[in-house]
Amino acid sequence: MKRRFNTPNQKILEVMIKRAFQKYNQKESDFYYVKYNTRLTQQQLNQKKSEHNLKLIKHATKKTGLIPSAANVVIVESSNVRSLKQDPNVVLVEKVPVYEPNQFNDPISNMSLQTSDFNRVNYLEAIEAFGVGNHYPTVGQVEGRYEGAYHLKRSYQGSQLGFVVDYFERYEHPDMPDSKVTVHNEELLNPLTGGMWNGANPRHAFQVASLIIGETNNNYGMAGYCPNANLYFVSNYNSNSAGTYGIPAQCEALLEQGIKVINRSAGGTNYSQVDQDAINDAYEQGLVWVASAGNDNQELGVQRNQYPCMYDNVFCVAGSEYGISNYGLDYCDVSAPSAGNLVANMSGTNMGNTYDEFGNPLTTNDLVPGLEQYNLQYGPYRTVSGTSFGTPIVTALMGLLLSHNPDLTNEDLVNIVLATIGSPLGGSQPVPGEVNFYEALSYMYANYMGEIPLGDVNQDYQVNVVDTVNLVNLILEVGGGIDSNHPQYIPQGDINQDGSINVVDVVNLINMILRNSDTSQRDRRVLQKQLKRLSRWYT
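This is a predicted model, so every value here is computed, not measured. (Residues numbered from 1 in each chain as written. Predicted model: local features only at pLDDT ≥ 70, side-chain atom pairs only at ≥ 80, totals over all residues. Heavy atoms only, no water.)

Colleague: Could you clarify how one ought to interpret the sheet that holds strand E15 (residues 334-336) in this entry?
Modeller: Sheets are built from strands paired through backbone hydrogen bonds, the pairs being either parallel or antiparallel. Read across the sheet, seven strands follow the order E9-E10-E6-E11-E13-E14-E15 without closing on themselves; strand pairing throughout is parallel. In this open sheet, the two strands that pair with only one neighbour each are strand E9 (181-183) and E15. The average undirected angle you get between the axes of adjacent strands in this sheet is 30°. By the bridge criterion, four bridges tie strand E11 (residues 261-264) to strand E13 (residues 288-292) in an arrangement that is parallel. Opposite Arg 264, over in E13, you have Ala 291 as the bridge partner. Helix-sheet contacts for helix H7 (residues 247-256) involve strand E6 (138-143), strand E10 (230-235), E11 and E13, and the interaxial angle to E10 is about 150°. (Pairing = 2+ DSSP bridges. Helix = DSSP H or I, 4+ residues; strand = E, 2+ residues; numbered from the N terminus. Axes fitted to C-alpha atoms, helices over the stretch in contact; angles between N-to-C directions. Contact = heavy atoms within 4.5 Å.)

Rendered as C-alpha cells:
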C-alpha cells in the first residue's frame, strides 16, 4: 500500500508534491508543431488560440523566405491537441522534440590534457604548416543557455600558503572573452540573473564553445581549435517558458547572419518532419549542422534513433575513443576525440578533474578546509567526456577552413572533411575515421584555393607587406634582377610580367599594397624601409 503522510499538513504536502511532479513532467513540454495549408495571419492566430483553447500559438519562423518549408508551421502549447488534428486545414501535428545535451563527465586520470587530442587529429602539425588563417569566421551554436563565467575570487597568500576564497564573482574567463560571443536571443534574458529562462544549464554550452573559440597565444590556460572564430549563440528556449525556439527559427536566425556551420551538441529520440524540412532548406541556403551522435553505446538506426544527428544534411559526429558513444556507419559521418577533453570551466560541478590556469591539477592539498567542494567546482579548467565535446572539434575544423578560405560553401566544408578522415574505427561497434586537421587543410589548399594571386611571393594567398620583404630579400640574395630561367624565379614576384624580377617589380608591388585601404601606418613604414634597403644596394 502507498505510504501516506501522517502529519497535520498532509493535504498541503500532497498538493505540493503533485505540483512538483507536474512541473517535472512538463520539462519535455506540451509544445507541438502544427502545419497548416496556408500561413496564418495574426487574426487567424488569435482565432485558433481561442478555438482550440491554446496557451500559446506563434509562427515557427518570422519570415517565409529563408525556411520555406516552415512558412505554414506554428508552434502551439496545449494539453490537448485532438481538436487541432481534427481541423480540416491542418496538414501535420507533431510534438516539438526535446534535445538534451550529450554530456558524460567521466574523470580521466594520467592524461596529457590537450596535446593527446591535438596529436590524434594532427592539429599542431596543421597550425605549424598553415597557420590559423587570415580571416575571422563566425560559427553558430545552438543550446539551452549561454552565460559568461562565474568563478571564486581567490587571494594568493604566497607560494607556500596557497590561496583563500573571498567571494563569488562574475568574471570574464581569460580564454573566453565576451567580445567573441553574440547571443541572438537577447530579448529572452532573465533580468534577475542575466541568464536564459527555463533554468537551462549554461555550463555545457560554455564548455563546448571553449573547444571552438578558446583564446590562443594569450599565455593563459588552453587553446581553442579555431582561434580566429567568433560565436553566434542561439538558445533553443524561449522566455518565461512560453515555448521552444524550434529548429526552423534557429536556422532562420543563423542564415540571417550568413553563418555556414552550426554546432549542436545535443539530441533526442523524437523525429520531426518539420525539423527535417527546415534543415534541408537551411542546407540548400548554405548552412550545415554538425551534431553529436549521443552516448548510449547503441547502433544508430538499429538500436536507437538520435536527432538531429540522424536527419539528412546533418553531419553526425561519433566519439573516436569514447566507449559509450553511439556508433554505426550508416548515420555517423566522422569521429573525433570525446574522452577527457580539456575545456574552460564556468560554474559549479563536482565531477571530473579540474585544473588551474597553468594546467596543475587541483587536489585536496590545494584547498581551503571546509570549502573543498567549491574549489573543485570552480577550477578554470576541467576534463569532460562525451560526443558533445568531440562535435565542436569538427565544427572548429570547418571554422579553421573558413579562416583560410571564406569562400568555401557548406557543401565544400563537408566534402573536404569527408575526403580527409582516417579509416573506420571500432570493430564490432564501428565509427567513421577521425578528422585530420593537417590533411583537411592540405586538401583544401590543393583543390579549393585557385591560382596564387600575383604579388603573393610567399604563396599564402594574401598579398601584403610580408611579400614585399620576401621579394626584396630575393633580389638582394641573388645580387640583382633574375629572369624566368633562374631557379629562384617566382612568377608571383614578376609584377609587370616581363619575364624578370627586379626593383621595378618591388615598386609595383608596393604600389599594389598601398592602394589597399587596410594597409596600416606601421606597414607603410615597413614598405618605405624596403625601398631604402634596395636604394642602398643599388648605390
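Colleague: Teacher, can you tell me more about the sheet that holds strand E16 (residues 341-344) here?
Modeller: Read across the open sheet, the three strands follow the order E16-E18-E17; overall the sheet is antiparallel. Looking at the sheet topology across the chains shown, the edges are occupied by E16 and strand E17 (354-355). In this structure, E17 lies alongside strand E18 (residues 381-384), joined through two bridges in antiparallel fashion. Its bridge partner being in E18, Tyr 355 is matched across the sheet by Tyr 381.

Colleague: Could you clarify how one ought to interpret the packing of aromatic side chains in this entry?
Modeller: The geometry of an aromatic ring pair is captured by two quantities: the separation of the ring centres and the angle between the planes. Enumeration according to the criterion identifies eleven aromatic pairs in this entry. Each ring, one from Tyr 225 and one from Phe 437, has its centre 5.7 Å from the other, and the planes form 40°; the classification is tilted. Taken as a pair, Tyr 225 in the loop between helix H6 (202-213) and E10 and Phe 437 in helix H12 (residues 437-447) lie far apart in primary sequence, 212 residues in all. Members of the aromatic cluster, connected to one another through ring pairs, are Phe 118, Tyr 123, Tyr 225 and Phe 437. (Phe/Tyr/Trp six-rings, centres within 6.5 Å; stacked < 30°, edge-to-face > 60°.)

Colleague: Mind showing me how you'd approach unusual backbone geometry here?
Modeller: Where the residue is not glycine, phi is negative for most of them; where a peptide bond is considered, it is trans in most cases. The omega torsion across Tyr 307 and Pro 308 is 10°, close enough to zero to call that bond cis. Along the chain, Pro 308 falls in the loop between E13 and strand E14 (314-319). We note that Asn 53 has phi near 55°; this positive angle belongs to a residue other than glycine. Looking at the secondary structure, you find Asn 53 in the loop between helix H2 (42-51) and strand E2 (56-59).

Colleague: Would you mind showing me how to read the nonpolar core here?
Modeller: Across soluble globular proteins, nonpolar side chains show a tendency to be buried alongside one another. Among the nonpolar cores identified, the biggest contains 58 residues, and Tyr 225, Phe 315, Met 398, Leu 401, Val 435 and Phe 437 are the most heavily contacted of them. With nine residues, the top contributor of residues to this core is helix H10 (residues 387-404). If sequence neighbours within four positions are ignored, Phe 437 has contacts with Val 121, Asn 122, Tyr 123, Ala 126, Tyr 225, Ile 393, Leu 397 and Leu 400. Residues Ala 70, Cys 309, Val 314 and Ala 318 belong to the second largest nonpolar core, which totals 42 residues. (Core = buried A, V, L, I, M, F, W, Y, C linked by side-chain atoms within 4.5 Å. Buried < 20%, exposed > 50% of the residue type's maximum accessible area, 1.4 Å probe, protein only.)

Colleague: Help me understand the side chain of Ser 69 in this model?
Modeller: Examined against the element boundaries, Ser 69 turns out to sit in the loop between E2 and strand E3 (73-77). With a relative accessible area of 19%, Ser 69 lands in the buried category. Within the structure, the side chain of Ser 69 is placed 3.3 Å from the backbone oxygen of Asp 277, a separation counted as a polar contact. Of the polar contacts made by the side chain of Ser 69, one reaches the side chain of Asp 281; its length is 2.6 Å. Not counting the four nearest positions on each side in its chain, Ser 69 is found in contact with Lys 35, Asp 277, Ala 278 and Asp 281. (Polar contact = N/O pair within 3.5 Å; in protein donor to acceptor, adjacent residues only side chain to side chain.)

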